[in-house]
Amino acid sequence: MQPDGLIAELQNKNPKAFERIYERYSESLFGVIYNIIRDQHIAEEILQDVFIKIWNNAEAYNPSKGRFFTWALNIARNSAIDKTRSKAFKNSKKNLTADFFVDILEDKSSFSNRVDAIGIKKYIKALKPYCEQIIELLYFKGYTQAETAEELDTPLGTIKTRSRNCIQSLRDILVK
């Protein structure tokens, strides 16, 4: 079944279409969630919640506004970020082992590995270095624009403009 037909069937609440959508997108969405959460069990729970949201809100997807994968990816990313901002999640991370912190320190330098989890490494590498930084912070680490501005010691308005321009550049590369 073609992706457009599959999505139409999902919007009509066809369980078989939902299964196919899950098979097609779950691995990539899990990678994005895990890269934000860094806990497999919680990431699996969030993935389940994401697919419930996809099922319940499928009719809200509008192909004229973007690709289905992008829509689903935003649901996954936002759900993961919401979880990291929850009080329960913050409290659960207060007593972490030293191994976790070593992993974080090692992981800070391996942005390319995290980006590759959803297969866009080569496209992001083609962008200007500041675009790579901004996309890493905003989309892969879950920073807000204000936090990104502070981290990069750049005015908020500049971050907003560059973010918009970088995403447009990424779109242009992907359309080619």
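Residues numbered from 1 in each chain as written. Predicted model: local features only at pLDDT ≥ 70, side-chain atom pairs only at ≥ 80, totals over all residues. Heavy atoms only, no water.

For the chain, an unreviewed UniProt entry supplies the name Sigma-70 family RNA polymerase sigma factor and the organism Mesonia profundi. UniProt's Sequence similarities (unreviewed entry) comment on the chain is quoted here verbatim: "Belongs to the sigma-70 factor family. ECF subfamily." (UniProt positions renumbered as here; feature names shortened; annotations may be inferred.)

Student: For this particular structure, what's the right way to read the packing of helix H2 (residues 15-37) against helix H3 (residues 40-57)?
Tutor: Relative orientation and spacing of two packed helices are given, respectively, by the angle between their axes and the distance between those axes. Between H2 and H3, the least distance of the axes is 9 Å, while the angle of their chain directions is 140 degrees. Judged on the interaxial angle alone, H3 and H2 are oblique. With respect to the hand of their crossing, H2 and H3 are arranged in right-handed fashion. Mapping the contact onto sequence places Pro15, Phe18, Ile21, Tyr22, Tyr25, Ser26, Leu29, Phe30, Ile33, Tyr34 and Ile37 in H2 and Gln40, Ile42, Ala43, Glu44, Ile46, Leu47, Val50, Phe51, Ile54 and Trp55 in H3. Taken together, the residues of the contact of H2 with H3 break down into 18 nonpolar, 2 polar and 1 charged. (Axes fitted to C-alpha atoms, helices over the stretch in contact; angles between N-to-C directions. Helix = DSSP H or I, 4+ residues; strand = E, 2+ residues; numbered from the N terminus. Parallel < 35°, antiparallel > 145°, perpendicular 65-115°, else oblique. Left-handed = near helix turned anticlockwise from the far one by under 90°. Contact = heavy atoms within 4.5 Å. Nonpolar A, V, L, I, M, F, W, Y, C, P; charged D, E, K, R; others polar.)

Student: Would you mind going over the pattern of salt bridges with me for this structure?
Tutor: Close approach of charged atoms lets side chains of opposite charge pair. Under the criterion given, the structure shown has 2 salt bridges. A salt bridge links Glu59 to Lys13; the shortest N-O distance between them is 3.6 Å. In this pair, Glu59 is assigned in the loop between H3 and helix H4 (68-84) and Lys13 in the loop between helix H1 (3-11) and H2, connecting sequence segments 46 residues apart. One salt bridge in this structure joins Lys125 and Glu132, with 3.0 Å as the shortest N-O distance. (Salt bridge = Lys/Arg side-chain N within 4 Å of Asp/Glu carboxyl O.)

Student: Explain the side chain of Ser26 here, please?
Tutor: Note that Ser26 resides in helix H2. Within polar-contact distance, the side chain of Ser26 engages the backbone oxygen of Tyr22 at 2.9 Å. For Ser26, the residues in contact, after removing those within four places along its chain, are Ile21, Leu47 and Phe51. (Polar contact = N/O pair within 3.5 Å; in protein donor to acceptor, adjacent residues only side chain to side chain.)

Student: Honestly, unusual backbone geometry in this entry has me stumped. Any pointers?
Tutor: Note: most peptide bonds trans; most residues except glycine with negative phi. We note that Lys13 has phi near 65 degrees; this positive angle belongs to a residue other than glycine. A positive phi angle, close to 65 degrees, is found at Arg38, a residue other than glycine. Looking at the element boundaries, Arg38 is found in the loop between H2 and H3.

Student: For this particular structure, what's the right way to read the state of the cysteines?
Tutor: On inspection of all chains with the given rule, the structure shows 1 disulfide. A sulfur-sulfur separation of 2.1 Å characterises the disulfide bridge that pairs Cys131 with Cys166. In this structure, the disulfide formed by Cys131 and Cys166 twists by about -75 degrees around the S-S bond and is classed as left-handed. Of this pair, Cys131 sits in helix H9 (residues 129-140) while Cys166 is found in helix H11 (residues 156-175), placing the two residues 35 residues apart along the sequence. (Disulfide = S-S within 2.5 Å.)

Student: Could you clarify how one ought to interpret the packing of aromatic side chains in this entry?
Tutor: Think of a pair of aromatic rings as described by two things: how far the centres are apart, and how the planes are tilted against each other in angle. Throughout the structure, instances matching the rule amount to 9 aromatic pairs. Arranged with centres 5.5 Å apart and planes meeting at 40 degrees, the rings of Phe68 and Trp71 form a pair that is tilted. With Phe68 and Trp71 both in helix H4 and 3 residues apart, this pair spans about one turn of that helix. Accessibility classification places Phe68 together with Trp71 in one group, the buried group. Taken together, Tyr25, Tyr61, Phe68, Phe69 and Trp71 form an aromatic cluster joined through their ring pairs. The ring of Tyr130 has Arg162 sitting right over it, with the charged end atom 4.6 Å from the ring centre. (Phe/Tyr/Trp six-rings, centres within 6.5 Å; stacked < 30°, edge-to-face > 60°. Buried < 20%, exposed > 50% of the residue type's maximum accessible area, 1.4 Å probe, protein only. Lys NZ or Arg CZ within 6 Å of the ring centre and 35° of its normal.)

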